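Listed here are the chains, written in short residue letters.
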Amino acid sequence: MDKQDFDVVVVGAGACGATLARDLARQGRSVLLLERGSPRRPAATLLGMLSVARPLKVGPQLDAITAQGLGGATNLYFGVCKLPTAETQAALGIDLSAELQQVLREIP
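Keep in mind it's a predicted model, so treat the numbers as computed, not measured. (Residues numbered from 1 in each chain as written. Predicted model: local features only at pLDDT ≥ 70, side-chain atom pairs only at ≥ 80, totals over all residues. Heavy atoms only, no water.)

Student: Could you clarify how one ought to interpret the overall build of the protein chain in this entry?
Tutor: The secondary structure content of the protein chain amounts to 5 helices and 4 strands. Put simply, the protein chain has 108 residues, and 21% of those count as buried. Sequence-distant contacts in the protein chain: of pairs separated by 6 or more residues, those separated by 24 or more amount to 36%. Carbon and sulfur atoms provide 62% of the accessible area of the protein chain, an area that totals close to 8,100 Å². (Helix = DSSP H or I, 4+ residues; strand = E, 2+ residues; numbered from the N terminus. Buried < 20%, exposed > 50% of the residue type's maximum accessible area, 1.4 Å probe, protein only. Contact = heavy atoms within 4.5 Å. Areas by Shrake-Rupley, 256 points an atom, 1.4 Å probe, with all protein chains shown as cover.)

Student: What should I look at first to understand the pattern of salt bridges in this one?
Tutor: Pairing between side chains of opposite charge can happen when the charged atoms of each approach one another. Scanning the entire structure with this criterion turns up 2 salt bridges. D23 is the partner of R22 in a salt bridge, and the nearest nitrogen-oxygen pair spans 3.0 Å. Given a relative accessible area of 22%, R22 falls into the partly exposed group. Taking the relative accessible area as the measure of exposure, D23 reaches 32% and is therefore partly exposed. Between D63 and K57 there is a salt bridge, with its nearest N and O atoms 3.2 Å apart. One exposure class covers both D63 and K57, and it is exposed. (Salt bridge = Lys/Arg side-chain N within 4 Å of Asp/Glu carboxyl O.)

Student: Teacher, can you tell me more about the environment of G28 here?
Tutor: Inspection of the secondary structure puts G28 in the loop between α1 (15-26) and β2 (31-34). Assessed through its relative accessible area of 63%, G28 is described here as exposed. Placed 21 residues apart in sequence, G28 and D7 show a C-alpha to C-alpha distance of 9.6 Å.

Student: What am I meant to see in α1 here?
Tutor: Residues spaced three or four apart along an α-helix point in a common direction, a consequence of the helix completing one turn every 3.6 residues. An ideal rise of 1.5 Å per residue puts 16 Å on 12 residues; α1 measures up with 16 Å between its terminal C-alpha atoms. Contacts from the buried residues of α1 go to β1 (8-11) and β2. (Expected span 1.5 Å × (residues − 1).)

Student: How should the environment of P39 be read in this particular structure?
Tutor: Tracing the backbone shows P39 in the loop between β2 and α2 (46-52). For P39, a relative accessible area of 70% gives the class exposed. Linking P39 and Q68, residues 29 residues apart in sequence, is a C-alpha distance of 9.3 Å.

Given below as structure tokens:
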């Protein structure tokens, strides 16, 4: 890497950091995106998710799990969440189908 000056440095390539870096770059800013861990996506299995899981101390008596690598903890959380159905969204008076399709195109 030859460049030493950037408009923005984003730490973490999870859902928020990667989206922020992408949007800033689209605005013409020079962005450095830093991520600790492997650029490889984990396999979509329990062992794959565990391979990137790392303990995270949240408080004196509270531990959580995060992930190191491309996509960060988003890989763990989306790996275990169930997406809301169209019926659930309709019952709540929302429609996120267009946004969901965009996410699925960007993050297969």
